[in-house]
Amino acid sequence: MGTVIEIREIPEADVGRMVDLAGMVFHVRVEEGDHERDGWRVRRAGRIGAYDGGTLAGQVAAIPMRLAVPGAFLDCSAVTYVGVLPTHRRRGVLTSMMERMHADAAAAGRPVAVLWASQGAIYGRYGYGLATRAISLEVDSSRPLRLRTVPDERPLRLVDPASAAEVVGPIHNRALAARPGGLVRDDEWWKRGILPPADPETAPGFTEPRVVVHPAGYAVYRTNEEETVRVTDLVAETPAVEAALWRYLASIDLTRRVQAPNRPVDDLLPHMAADPDQVVVKKDAGALWLRLLDVPGALVSRSWATGDTFVLEVRDDRVPANEGRWRLATGTAPACDRTAGEPDLTLSAADLAAVYLGGMRVTTLVRVGVVTEHTPGAAARLDAALAVPLAPYMNDDF
Ligand SMILES: CC(C)(COP(=O)(O)OP(=O)(O)OC[C@H]1O[C@@H](n2cnc3c(N)ncnc32)[C@H](O)[C@@H]1OP(=O)(O)O)[C@@H](O)C(=O)NCCC(=O)NCCS
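Residues numbered from 1 in each chain as written. Predicted model: local features only at pLDDT ≥ 70, side-chain atom pairs only at ≥ 80, totals over all residues.

**Section: the overall build of the chain**
Regarding its fold elements, the chain presents 12 helices and 19 strands. Taken over C-alpha atoms, the radius of gyration comes to 22 Å for the chain, in line with the 21 Å a tight globule of 398 residues would show. Its C-alpha atoms give the chain principal-axis dimensions of roughly 60 × 55 × 35 Å. Out of the 398 residues in the chain, the part that is buried amounts to 43%. (Helix = DSSP H or I, 4+ residues; strand = E, 2+ residues; numbered from the N terminus. Rg over C-alpha atoms; globule rule 2.2 N^0.38 Å. Buried ≥ 20, exposed ≤ 12 C-beta atoms within 10 Å, placed from the backbone.)

Structural data, given as structure tokens:
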């Protein structure tokens, strides 16, 4: 103790040290070549460090990305590489870095930030709400997969992962417009993030990626010698195409099971299966955490399912510009302005973030006791305005 921790930008020359620090805090062995390979995300990020003299004691990276929200794409910070040395824990280092990161993001005009949390207890205090959930599916493919949905019979083809982005990128972009929660992927993101030759985190010991393409959908998967097909990305523009892709994945020779560790909560496959025991939901867990850095900016940028007006009293002790009463008009020309009117609902910025993509209901949070409804029926009306046809879903690792 007693030393002064300096919060400042991490130069590109220190990216290798960031990989080492991430290895330390996440208990991952860092091997030769990892500095080059694993550092690509932080090289394109804003990097905030906590330096104790010459020691990099803490770090946060914020990658500028575009997030699909209902009806729009928003500039966002995709936050990653969060860590503090075990010798420097619980002294407010993370808090200082998060404050700096949020200020930088606001200055860059990014209304939202998103992250995957390794520990769910950390980020609520920084104004993040759990905005999406995900399920993990397993298909018993030791016998033919019987589906109630008639598959689209147009032919499937395998494409080279090196050039797959050109083919599947436009399909993915259309899917993002239909279902909020994902990130717009550029070429590097596809190549290094989605289709790297090896994927030690989500598919350790599996083959290189295979990309199977349909005219209106695709799947990325890897296999292993234990007869498992691991699906890491699957997009289909119609249920019939979805059925065709799952039927293909479940029929690969010398495999007995298909695992899809990250699927949307409203995935059709469990309902398509003629025998519900053949497709099992293994896990339902919190996924993406979202922070509204600019509450009015974020609220007027998304599309709304109904036209209505609300006075929202927002609590935000970390971003004072969000704090206070807002008159929100939803509908085709959304508006959000300060008001002195009596609130219909009082809620924290974190809970507003949780409902923002349509994945969590305001009425649920009222029942939980964290959102206060002053005007009877206001929570249900806000749910109706927030509603989205497809559950929000994020399938980008960062
Ligand atoms: C999580 C981590 C970044 C926290 O860093 P830190 O500098 O110790 O955090 P701070 O001292 O700023 O703590 C801020 C607050 O968060 C709380 N907190 C920190 N880590 C926590 C944890 N793992 N679980 C619950 N609360 C935690 C602190 O108690 C403190 O609470 P307070 O404001 O009520 O006093 C650090 O412990 C770490 O590197 N852990 C391993 C890697 C990791 O989990 N990274 C997050 C990846 S998403």
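**Quick word on the sheet that holds strand E8 (residues 157-159)**
Pairing within the open sheet is mixed, and its 7 strands lie in the order E8-E9-E10-E11-E12-E7-E13. Of all strands in the sheet, those bounded by a partner on one side alone are E8 and strand E13 (279-286). Sheet twist, expressed as the average angle between the axes of neighbouring strands with direction ignored, equals 25°. Pairing analysis gives 7 bridges linking strand E10 (residues 217-223) to strand E11 (residues 228-236), with the strands arranged antiparallel. Following the sheet pairing, Thr223 is matched in E11 by Val229. (Pairing = 2+ DSSP bridges. Axes fitted to C-alpha atoms, helices over the stretch in contact; angles between N-to-C directions.)

**What to know about the pairing of strand E12 (residues 257-263)**
Here strand E7 (residues 133-140) runs beside E12; their pairing, made up of 5 bridges, is antiparallel. Directly across from Val139, in E12, lies its bridge partner Val258. By the bridge criterion, 3 bridges tie E11 to E12 in an arrangement that is parallel. Bridging from a neighbouring strand, Val229 pairs with Val258 of E12.

**Some details on the sheet that holds strand E4 (residues 72-84)**
Hydrogen bonds between backbone atoms are what pair the strands of a sheet, whose relative direction is either parallel or antiparallel. Spatial strand order, E1-E2-E3-E4-E5-E14-E6: 7 strands in an open sheet with mixed pairing. Of all strands in the sheet, those with a lone pairing partner are strand E1 (5-9) and strand E6 (128-130), marking the two edges. Adjacent strand axes in the sheet meet at a mean angle of 30°, parallel and antiparallel pairs treated alike. One ladder, built from 4 bridges, connects E4 with strand E5 (residues 112-116); its direction is parallel. Bridge pairing in E5 places Val79 opposite Leu115. Strand contacts of helix H1 (residues 15-26): strand E2 (46-52), strand E3 (55-69) and E4, with the helix running at about 70° to E4, the strand carrying the most contacts. With respect to the sheet, helix H4 (residues 93-107) is in contact with E1, E2, E3, E4 and E5, its orientation differing from that of E3 by roughly 40°. (Contact = placed C-beta atoms within 7 Å.)

**Points about the nonpolar core**
Val60, Val114, Ala131, Leu290 and Ala353 are the most contacted members of the largest nonpolar core, which totals 118 residues. Top element by residues in this core is E3. It accounts for 9 residues. (Core = buried A, V, L, I, M, F, W, Y, C linked by C-beta atoms within 7 Å.)

**Brief notes about the site of the ligand**
Neighbouring the ligand are 17 residues, the closest being Val84, Arg89, Val93, Leu94 and Thr95. Listed by contribution, the elements that provide at least two residues to the shell around the ligand are E4 and H4. (Near = placed C-beta within 6 Å.)

**Overview of the pairing of E4**
On any regular strand, side chains alternate: one points to one face of the sheet, the next to the other face. Taken together, the 11 bridges between E3 and E4 define a ladder with antiparallel strand orientation. Bridge pairing in E4 places Val69 opposite Ala72. Taken together, E3 and the strand that follows it, E4, pair antiparallel across an intervening segment of 2 residues, in which Gly71 is found at a positive phi of about 75°. The parallel pair E4 and E5, bridged by H4, forms a crossover whose chirality is right-handed. (Right-handed = clockwise from strand over helix to strand, strands pointing away.)

**A look at unusual backbone geometry**
Keep in mind that most residues, glycine aside, have a negative phi and that most peptide bonds are trans. Even without being glycine, His27 reaches a positive phi, approximately 60°. Here His27 shows up in the loop between H1 and helix H2 (34-38). On the neighbour-count criterion, His27 (6 C-beta atoms within 10 Å) is exposed.

**Some thoughts on the domain arrangement of the chain**
For the chain, the assigned domains are domain 1 (5-110), domain 2 (134-283) and domain 3 (294-386). Put simply, the middle of domain 1 and the middle of domain 3, counted by C-alpha atoms, are 30 Å apart. Facing the 7 residues of domain 1 at the interface are 8 residues of domain 3. At the level of elements, E4 and H4 are the ones that each hand at least two residues to the side of domain 1 that touches domain 3. (Domains from an automatic or database assignment.)

**Some points on H1**
Helix length check: H1 (12 residues) gives 16 Å between terminal C-alpha atoms against 16 Å at 1.5 Å per residue, within 8%. Turning to H1, its buried residues are Val15, Met18, Val19, Leu21 and Ala22. The buried residues of H1 all sit within an arc of 165° when viewed along its axis, so they share a single face. Among the structural elements, H2, helix H3 (40-43), E2, E3 and E4 are those in contact with the buried residues of H1. (Expected span 1.5 Å × (residues − 1). Arc of directions from axis to C-beta.)

**As for the environment of His271**
Checked against the element boundaries, His271 lands in helix H8 (residues 269-272). Residue His271 is classed as partly exposed on the basis of its 13 C-beta neighbours within 10 Å.

**A closer look at helix H10 (residues 349-356)**
For H10, the buried fraction is high: 8 of the 8 residues fall into the buried class. All of the buried residues along H10 are Ala349, Ala350, Asp351, Leu352, Ala353, Ala354, Val355 and Tyr356. The positive-phi residue at the C-terminal boundary of H10 is Gly358, with phi of around 90°.

**A look at the environment of Ala260**
Along the chain, Ala260 falls in strand E12. Put simply, Ala260 and Asp233 are 27 residues apart on the chain and 8.3 Å apart in space, counted from C-alpha to C-alpha. Excluding anything up to four places from it in sequence, Ala260 contacts Ser136, Leu137, Val231 and Leu234.

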